[in-house]
Structure formats: C-alpha cells, structure tokens
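Coordinate inspection notes
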Amino acid sequence: MITLTLLHPSKTIPLQHWSFDNDAVIRIGRSLDNNVVLYSAVVSRHHVEIRPSGPNWELESFGANGTYLNGKPITKTSVSDGMVFRLATSGPQIQIRIVPDRPQSAHLASQTLNTSITSEEHHKKETITTYEVT
C-alpha cells in the first residue's frame, strides 16, 4: 500500500491522507479526473503521476510550475519511503509512505475485520482538497 499525506504549508503536520493499492497509478492535480484533486493556482490540471516500477515506485512531474524534491526541480525520480515533494515552489507538500505487501494470511484477517465497511466507502479514491498559500 502507498499512502500520500498532504502536509501543512509551513509545518510538517498532516492535513489529509490518501491510500492506494500497490498496483495503482496515482494522478495528482487540479482536474477532477485525478485520484488526488488539489485546488491551488500553482497546481497544474495533471501535475504529477506516481506509478509502480517493478518492485519500486516512480514519480513523474508534468506540472507547468514544476515539482520539487529537497528544493530541487525534478522531472522523474524513484520514490523512497518518507520522501516529501512539493508541487511548484510554493505549492502543496506531499509525503509518501510505502507499506510493503502483507502476507496473504494477514490480508485475509484484515478483510474479515473490515466487513462493516461498504464497498463504496472502501473503493472511494477521489478526494477534493482546497489548498491556499498564505
């Protein structure tokens, strides 16, 4: 599982989380057809894509205002657990957490415990967040 966390603009406190399966292609941007929708003037309609690459993940930037890792612009990079990237120089910061696949028996136990969650709740992927720089 991969989890994205939107961080506070000036602090490292989490504002919102999104979790995805290990085979998901995750699209981030302003457009409603993204998996993670962020409303910000500096975020492009289709800003970033995070996708599996063999046993690892990679991040590719398509944003007109760029994507930054440790203050440096990136176009494509390998993803590492705990990394934080920024959309544009002053835009949203997102932390990536990668949770390795669980053994099949742990997965079955988890499914049994989560039977009260409806199918719609479990599969909801799209979330809209307003992000303003102050």
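Residues numbered from 1 in each chain as written. Predicted model: local features only at pLDDT ≥ 70, side-chain atom pairs only at ≥ 80, totals over all residues. Heavy atoms only, no water.

**Let's talk about the overall build of the protein**
For the protein, the count of helices and strands is 2 helices and 12 strands. Its helices and strands in sequence order give the protein the pattern β-β-β-β-β-β-β-β-β-β-β-α-α-β, from N to C terminus. Long-range pairs, those at least 24 residues apart, make up 41% of the contacts in the protein with a sequence separation of at least 6. Surface summary for the protein: the accessible area is close to 8100 Å², and the carbon and sulfur share equals 50%. (Helix = DSSP H or I, 4+ residues; strand = E, 2+ residues; numbered from the N terminus. Contact = heavy atoms within 4.5 Å. Areas by Shrake-Rupley, 256 points an atom, 1.4 Å probe, with all protein chains shown as cover.)

**Considering the pattern of salt bridges**
Under the definition given, this model contains 6 salt bridges. A salt bridge links Glu49 to Arg27, with the shortest nitrogen-to-oxygen separation between them at 3.1 Å. One end of the pair, Glu49, is in strand 5 (residues 48–53); the other, Arg27, is in strand 3 (residues 26–29), and 22 residues separate them in sequence. For Arg27, a relative accessible area of 35% corresponds to the partly exposed category. For Glu49, the salt bridge identified is with Arg51, shortest N-O distance 2.7 Å. Accessibility expressed as a relative area gives 14% for Glu49, which makes it buried. (Salt bridge = Lys/Arg side-chain N within 4 Å of Asp/Glu carboxyl O. Buried < 20%, exposed > 50% of the residue type's maximum accessible area, 1.4 Å probe, protein only.)

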